[in-house]
Amino acid sequence: MDAHAQAAANDALTQSDEAWRLGPRIVVYVARRILTMEPDQPEATAVAVSGNRIVAVGGEADVVKALGERPYDIDRRFADKVMVPGFVEHHVHPLLGASTMIADAVIAIEDWELPTRTWPAAADAATYWVALRAAYAANRTAPATFMTWGYHHEFHGPMSRAALDALSPDRPMVVWHRSCHEVFLNSAAIAKYGLTADKVGGQGLASEQVDLDKGHFYEKGLTLVASALLKDIFTPEKMRAGLDLFWRYLQGKGVTTICEPGTQMIRPLHELYGAVLSADAVPFRTYFIPDGRALYDQAKSAGTLDRLVADTDSYLSWGRGKVQWLPRQVKLFSDGAVFSLLMQVKEPYLDGHKGQWIALPDDYRDAVRRYWNRGYQIHTHVNGDAGLDVVLGALEERLAAAPRNDHRFTIVHFAVSTEEQVQRIGRTQAMVSANPYYVTALADRFSEVGLGPERANNMVRLASVLRQRPQVSLHSDMPMAAADPLLLAWAAATRTTASGRVAAPDQRIPMEQALRGVTIDSAFTIRLENEIGSIRPGKIADFTILEDDPLTVAPSAVRSIGIWGVVFDGTVRPIERSAERRRQGAAPSPSRFASRDGATSRSAAAATLTCSPTAGGNILAAPSPCSCHSPSSRAPTACACGGIMVHALADHYAALA
Ligand SMILES: [Zn+2]
Ligand SMILES: [Zn+2]
Ligand SMILES: [Zn+2]
């Protein structure tokens, strides 16, 4: 134990000296290797825990010596395992995650290892239809509507009412798109929901975004079918079951802290979250960050922008137990979603379609100004380089007008950027919270459509960022990617694409850095780095227990390392038998993402997603209230994380609570 480690242990032990005889007995965990994420003492083989706090870290003999006369037990059950700080997933969406997990079949471009079963990837149209037919035939819940989530037109080919009728002439069937922005219904579902041409016509943009012959409802067109879907499919029992699946899923991935930036601020929904996620059985803590864009839009239309920040503060009181809101942090939005190729890019898309704004640049800058001036940390969803110009411009403006230290202004997602922008990130010391899975899922396809190879391969240029600032953090945006920190670390360190090639090898980051991105740097992004994210005396005892060492196995194998369980808040929590999913054999080989055979042309779908005769491609320029009447109902028609279905689901959950 070096002098620094000794001093840290002495501090931690001294502080709790009073409590030794009364407090919980110290447990010393001995492991094959402990990766601490602390630069002064990067590895160890023993860690002592008192209650929920780490009190000493080092070799076993050093740790025992540091404990002096204090009584302790030695726990050797991790002697052949590797301990890392408990994984921190700082960007997931519980509502959508839960809703997709209750599908009768999850058939997507990647494996989904749910607590109930693993749904293998379908990389192309042929595999998709084989899987769908098999799942349909095996399903025993008829005559209930059969719902499947995960279909993506780029990979699985055309979808239509006729194709679904051929599979299911009598039983209602709903195909929910991977993006959550579109559904396809068969004729039985259309009949069950009473969706005649009369009923879906004459309602402006919503009616334009329906193709009844194809059974296709997308973007604002979903408002015409959402309430029927919610009543039919998302029943109260299933909703709760979905949230249960959601937390058990995260348990299986070794996650000990989650955060949702930009949550729906609906009280009953959060009461439901509180009830489910604060249960003792849940081995992680949950944080929320308000959706400042929704609050800004409401305040602007109500003429109450002067109260915007005070209103935002008020959500702190909604916390309960281990489900809490983060003080003085807010989520804002810039441009459209990457999965739909709706981000704002400087060079035009290959097919000439236009990107979209989720927040108008002027509104965005005004929101940044208001929150910045009150000391908030601002997280901004942004995916295109033109979107990033607006975001960096707003930050530069604030730094000039009202300089702040340690602002941690965070660029969220970070798909397309330029080297010049990375220099600006260095000068402003903006944080980057990236989704490295974009490279895996999309670099091949977007090399051909939308972006072209130069921009597609260089999405999420993290090595460049690391030359400018010390941290990057990684997130899944579940269900946009699997909330699986080892998968994210693998994606950032290998940049392996769907076809198995490496996209922009120079942008790979070292595995140590990628692991920091799902532990200490993830904690740093949400300002919790003094409590969690590394293994250091004084911090909370959150550990993820791995079956192998991510720094010694080949980088390509990191995603397949088994998770034994966690120590959460000082308590050992093995993965339950039923929730256990050993990864061997379950993790897809990269080839199972391969897309080319089944892919259809982007242009048809891109046109449906972007056509708006009135706004020249900027259909978000004048957001109109959607029909769901939720408090955040000034929803854009192409929001980043699920569109109108998010709001409809939120209202629905709210009604259940
Ligand atoms: Zn987002
Ligand atoms: Zn998100
Ligand atoms: Zn809405």
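Use the structure listed above.
Keep in mind that this is a model prediction, so the values were computed, not measured.

1. Some thoughts on the overall build of the chain
Argument step 1. Of regular secondary structure, the chain possesses 25 helices and 25 strands.
Argument step 2. If you take every contact in the chain between residues at least 6 apart in sequence, the share linking residues at least 24 apart comes to 74%.
Argument step 3. As presented, the chain carries roughly 22000 Å² of accessible surface, and 52% of it is formed by carbon and sulfur atoms.

2. Regarding the packing of aromatic side chains
Argument step 1. Scanning all chains against the criterion turns up 16 aromatic pairs.
Argument step 2. Taking 5.5 Å as the distance between ring centres and 75° as the angle between the ring planes, the aromatic pair formed by Trp-112 and Trp-149 counts as edge-to-face. Here Trp-112, found in strand S8 (residues 112-113), pairs with Trp-149, found in strand S10 (residues 146-151); they are 37 residues apart in sequence, far enough to count as distant. Like Trp-149, Trp-112 is buried.
Argument step 3. A centroid spacing of 5.8 Å and a plane angle of 75° characterise the contact between Trp-176 and Phe-234, whose relative ring orientation is edge-to-face. Taken together, the residues span a long stretch of sequence, with Trp-176 in strand S11 (residues 173-177) and Phe-234 in the loop between helix H10 (226-232) and helix H11 (236-252) at a distance of 58 residues.

3. Focus on helix H21 (residues 485-494)
Argument step 1. Among the 10 residues of H21, 10 are classified as buried, and the element is accordingly described as predominantly covered.
Argument step 2. Turning to H21, its buried residues are Pro-485, Leu-486, Leu-487, Leu-488, Ala-489, Trp-490, Ala-491, Ala-492, Ala-493 and Thr-494.
Argument step 3. After H21 finishes, the residue Arg-495 shows a positive phi value of roughly 50°.

4. Examining the pairing of strand S19 (residues 377-382)
Argument step 1. With six of its six residues buried, S19 lies for the most part within the structure.
Argument step 2. Of the two faces of S19, the one lined by Gln-377, His-379 and His-381 and the one lined by Ile-378, Thr-380 and Val-382 are each fully buried.
Argument step 3. Across five bridges, strand S18 (residues 329-333) lies against S19 in parallel orientation. Across the sheet, Leu-332 pairs through a bridge with Thr-380, a residue of S19.
Argument step 4. After leaving S18, the chain enters helix H15 (residues 361-373) and then returns to the sheet as S19, a path that is right-handed.
Argument step 5. The sheet contact formed by S19 and strand S20 (residues 410-413) spans four bridges and is parallel. Bridging from a neighbouring strand, His-379 pairs with Thr-410 of S20.
Argument step 6. The parallel pair S19 and S20 is bridged by helix H16 (residues 385-401), and the resulting crossover is right-handed.

5. Concerning the sheet that holds strand S6 (residues 87-89)
Argument step 1. The parallel open sheet is built from four strands, whose spatial order is S6-S15-S16-S17. If you trace the sheet from one side to the other, it starts and ends with S6 and strand S17 (323-325), each paired once. With strand direction ignored, the average angle separating the axes of adjacent strands in the sheet is 20°.
Argument step 2. Bridging between strand S16 (residues 285-290) and S17 involves three bridges; their strand directions are parallel.

6. Considerations on the nonpolar core
Argument step 1. Ranked by size, the top nonpolar core spans 166 residues in total, and within it Leu-185, Tyr-193, Phe-217, Phe-414, Leu-451, Met-459 and Leu-462 carry the most contacts.
Argument step 2. With residues near it in sequence (within four places) discarded, Leu-462 still touches Phe-414, Val-432, Ala-434, Val-472, Leu-474, Ala-492, Gln-507 and Ile-509.
Argument step 3. Counting residues in each nonpolar core, the second largest holds 17 residues, with Tyr-29, Ile-34, Phe-78 and Ile-535 among its members.

7. Focus on the pattern of salt bridges
Two side chains that carry opposite charge are able to pair once their charged atoms sit near each other.
Argument step 1. Taken as a whole and judged by the stated rule, the model has 34 salt bridges.
Argument step 2. Lys-253 is the partner of Glu-113 in a salt bridge, and the nearest nitrogen-oxygen pair spans 3.0 Å. With a gap of 140 residues between them, Glu-113 in strand S8 and Lys-253 in the loop between H11 and strand S15 (255-263) connect regions that are remote in the sequence.
Argument step 3. The exposure class assigned to Glu-113 is buried, which follows from its relative accessible area of 9%.
Argument step 4. You can call Lys-253 buried: its relative accessible area is 4%.

8. Things to note about H15
Argument step 1. Across its 13 residues, H15 extends 18 Å between first and last C-alpha, which sits within 8% of the 18 Å expected from 1.5 Å per residue.
Argument step 2. Regarding H15, the residues found buried are Pro-361, Asp-363, Tyr-364, Asp-366, Ala-367, Val-368, Tyr-371 and Trp-372.
Argument step 3. For H15, the secondary structure elements touched by its buried residues are helix H13 (292-302), helix H14 (308-313), S18, S19 and H16.
Argument step 4. Positive phi shows up at Gly-375, right after H15, with a value of about 80°.

9. What to know about the packing of H16 against helix H17 (residues 419-428)
Argument step 1. At their nearest, the axes of H16 and H17 sit 11 Å apart, and the two run at 25° to each other. As summarised for this structure, H16 and H17 are arranged roughly parallel, according to the angle between their axes. The crossing of H16 and H17 is left-handed. Along the contact surface, H16 presents Asp-385, Leu-388, Asp-389, Leu-392, Gly-393, Leu-395, Glu-396 and Leu-399, while H17 presents Gln-421, Arg-424, Ile-425 and Thr-428.
Argument step 2. Tallied by class, the residues present in the contact of H16 with H17 amount to five nonpolar, three polar and four charged.

10. So, the sheet that holds strand S12 (residues 182-185)
Argument step 1. With mixed pairing, the six strands of this open sheet are ordered in space as S7-S10-S11-S12-S14-S13. In this open sheet, the two strands that pair with only one neighbour each are strand S7 (105-106) and strand S13 (210-211).
Argument step 2. Helix-sheet contacts for helix H3 (residues 94-101) involve S7, S10 and S11, and the interaxial angle to S11 is about 140°.
Argument step 3. Taken strand by strand, helix H4 (residues 125-138) contacts S7, S10 and S11, and its axis lies near 155° from that of S10.

11. Structural notes on the environment of Gly-252
Argument step 1. Among the secondary structure elements, Gly-252 is positioned in helix H11.
Argument step 2. Separated by 10 residues in the primary sequence, Gly-252 and Gly-242 have C-alpha atoms spaced 15 Å apart.

Each value, and the rule that gives it
- Residues numbered from 1 in each chain as written.
- Chains lettered and ligands numbered in written order.
- Predicted model: local features only at pLDDT ≥ 70, side-chain atom pairs only at ≥ 80, totals over all residues.
- Heavy atoms only, no water.
- Helix = DSSP H or I, 4+ residues; strand = E, 2+ residues; numbered from the N terminus.
- Contact = heavy atoms within 4.5 Å.
- Areas by Shrake-Rupley, 256 points an atom, 1.4 Å probe, with all protein chains shown as cover.
- Phe/Tyr/Trp six-rings, centres within 6.5 Å; stacked < 30°, edge-to-face > 60°.
- Buried < 20%, exposed > 50% of the residue type's maximum accessible area, 1.4 Å probe, protein only.
- Pairing = 2+ DSSP bridges.
- Right-handed = clockwise from strand over helix to strand, strands pointing away.
- Axes fitted to C-alpha atoms, helices over the stretch in contact; angles between N-to-C directions.
- Core = buried A, V, L, I, M, F, W, Y, C linked by side-chain atoms within 4.5 Å.
- Salt bridge = Lys/Arg side-chain N within 4 Å of Asp/Glu carboxyl O.
- Expected span 1.5 Å × (residues − 1).
- Parallel < 35°, antiparallel > 145°, perpendicular 65-115°, else oblique.
- Left-handed = near helix turned anticlockwise from the far one by under 90°.
- Nonpolar A, V, L, I, M, F, W, Y, C, P; charged D, E, K, R; others polar.

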